[in-house]
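Topology and contacts: notes
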Amino acid sequence: MVENRIGECESMPAEADAAGEQGAFITVEGGDGAGKTTLAKSLAECLRQSGRSVRLTFEPGGTSLGTRLRALVLDPELEMGDWDETWLFLAARASHVHDVLRPAIANGELVFSDRFSDSTLAYQGYGRGLDLERLRRLSDEATQGLIPDLTLLLDVPAEVGLARTRTRSSDGDRIGDADLAFHMRVNAGFRALALEHGERIVVIDASLDASSVLLNALTTVNDWLEARSSGT
Ligand code: Z5A
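What you see is a predicted model, and the numbers here were worked out from it, not measured in a lab.

1. Digging into the environment of Thr38
With respect to the secondary-structure elements, Thr38 resides in helix α1 (residues 36-49). Thr38 gets classed as partly exposed once you look at its relative accessible area, which sits at 27%. It is 9.0 Å that separates the C-alpha atoms of Thr38 and Leu214, two residues lying 176 residues apart in sequence.

In structure tokens, the structure reads:
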């Protein structure tokens, strides 16, 4: 899948932000089936081709503890309260931050995380209806204040995203199997977060084909890297 889109990587300058190899933290967010995983893999491939040291990781997961917590929190056979669910995502995030994200950023890597704190606000806050301010405080504790430098928000109507995920085989998951209204609230939540954090969240139309999404995302990342290099 990545190989088919390597042509799009040509829009990436060969020496993109090479000077200094300053680390950066970029998150890819969006509703189910928005194409985050597909995009994150292709982006990472393109940026590696441009000579960057790139780390691709994801939530929930990314660490041994996160992998175990992921299995628990998505298990369709397991009943849990909305706050119990939240604590599991936050525990996975805390280990991800101190074991993977902070060391990689400090090491000068360009770190892409497929989901991060905005997912907690969108799913548990806007989707489940939990108190947003409390979620922000807890999330801040779990991340020890780590905020993405740039967030690519893949925006696609919930029906379209869910239809995409149904084309692949799956045992189902506790959150993805929620009803359409839940997924619509999540998407609306992501859009509200984008309005609130226009300084770092860039909305990308993910209803386009995967190559166009990759091109738009590459342009966004490239512009951001160039702006940072030139100090603007
Ligand atoms: N969750 C939460 O509630 N709170 C939190 O704090 C966190 C997460 C961190 C697991 O996340 C669940 O955890 C998730 C949110 C919740 N809810 N659920 N379910 P996840 O990221 O592992 O799972 P996901 O969001 O369900 O990922 P996904 O279904 O794999 O979606 P995706 O990564 O956005 O899409 P994809 O795998 O890249 O693509 C899906 C299909 O669409 C695939 O066949 C692709 O080939 C195809 N695709 C991709 N892009 C396109 C385009 N542009 N056009 C057409 N088709 C495309």
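2. Some thoughts on the sheet that holds strand β1 (residues 24-30)
Whether parallel or antiparallel, the strands of a sheet pair through hydrogen bonds between backbone atoms. Overall, parallel pairing links the five strands, which are arranged β2-β3-β1-β4-β5 in an open sheet. The open sheet has two edge strands with one neighbour each: β2 (54-58) and β5 (201-205). The average angle at which neighbouring strand axes cross in this sheet is 20 degrees, direction not considered. Where strand β4 (residues 150-155) and β5 come together, five bridges link them in parallel fashion. Looking at the pairing, Thr151 lines up with Ile201 of β5. Relative to the sheet, helix α8 (residues 210-230) contacts β1, β3 (110-114), β4 and β5, its axis offset from that of β4 by approximately 165 degrees.

3. Observations regarding the pattern of salt bridges
Evaluation of the coordinates by the stated rule reveals ten salt bridges. For Asp32, the salt bridge identified is with Arg115, shortest N-O distance 3.8 Å. With Asp32 in the loop between β1 and α1 and Arg115 in the loop between β3 and α4 (117-127), this residue pair connects regions lying 83 residues apart in the sequence. Across the pair, Arg115 and Asp32 agree in class, each one buried. With a shortest N-O distance of 3.6 Å, Arg128 and Asp82 are connected by a salt bridge.

4. Looking at the site of the ligand
Near the ligand you find 30 residues, and of these Lys36, Thr37, Thr38, Arg70 and Arg115 are the closest. Gln124 is positioned with one of its side-chain polar atoms (N or O) 2.9 Å from a nitrogen atom of the ligand. Residue Arg164 places a side-chain N or O atom 3.2 Å away from a nitrogen atom belonging to the ligand. Surface burial for the ligand is 85%, taken as the share of its 1,000 Å² of free accessible area covered by protein chains.

5. What to know about the packing of aromatic side chains
Centre-to-centre distance and the angle between the planes together describe a pair of aromatic rings. According to the stated counting rule, one finds three aromatic pairs in the structure shown. Ring plane angle 90 degrees and centroid distance 4.9 Å describe the contact between Phe25 and Phe116, whose orientation is recorded as edge-to-face. Pair noted here: Phe25 is in strand β1 and Phe116 is in the loop between β3 and α4, with a separation of 91 residues, a long-range link. For Phe25, a relative accessible area of 1% puts it in the buried group. Between Tyr123 and Phe190, the aromatic rings sit 6.2 Å apart at their centres with planes inclined by 80 degrees, giving edge-to-face as the arrangement. With Tyr123 in helix α4 and Phe190 in helix α7 (residues 180-196), the pair connects residues that are 67 residues apart, well separated along the chain. Of the residues examined, Phe190 reaches a relative accessible area of 3% and is grouped as buried. Ring pairing ties together the aromatic residues Tyr123, Phe182 and Phe190, which thus form one cluster. Arg93 extends its terminal NZ or CZ atom over the ring of Phe116, reaching a point 5.4 Å from the ring centre. Across the ring face of Trp83, the terminal group of Arg134 is positioned such that the distance to the ring centre comes to 4.3 Å.

Conventions we followed
- Residues numbered from 1 in each chain as written.
- Predicted model: local features only at pLDDT ≥ 70, side-chain atom pairs only at ≥ 80, totals over all residues.
- Heavy atoms only, no water.
- Helix = DSSP H or I, 4+ residues; strand = E, 2+ residues; numbered from the N terminus.
- Buried < 20%, exposed > 50% of the residue type's maximum accessible area, 1.4 Å probe, protein only.
- Pairing = 2+ DSSP bridges.
- Axes fitted to C-alpha atoms, helices over the stretch in contact; angles between N-to-C directions.
- Contact = heavy atoms within 4.5 Å.
- Salt bridge = Lys/Arg side-chain N within 4 Å of Asp/Glu carboxyl O.
- Near = heavy atom within 4 Å.
- Polar contact = N/O pair within 3.5 Å; in protein donor to acceptor, adjacent residues only side chain to side chain.
- Areas by Shrake-Rupley, 256 points an atom, 1.4 Å probe, with all protein chains shown as cover.
- Phe/Tyr/Trp six-rings, centres within 6.5 Å; stacked < 30°, edge-to-face > 60°.
- Lys NZ or Arg CZ within 6 Å of the ring centre and 35° of its normal.

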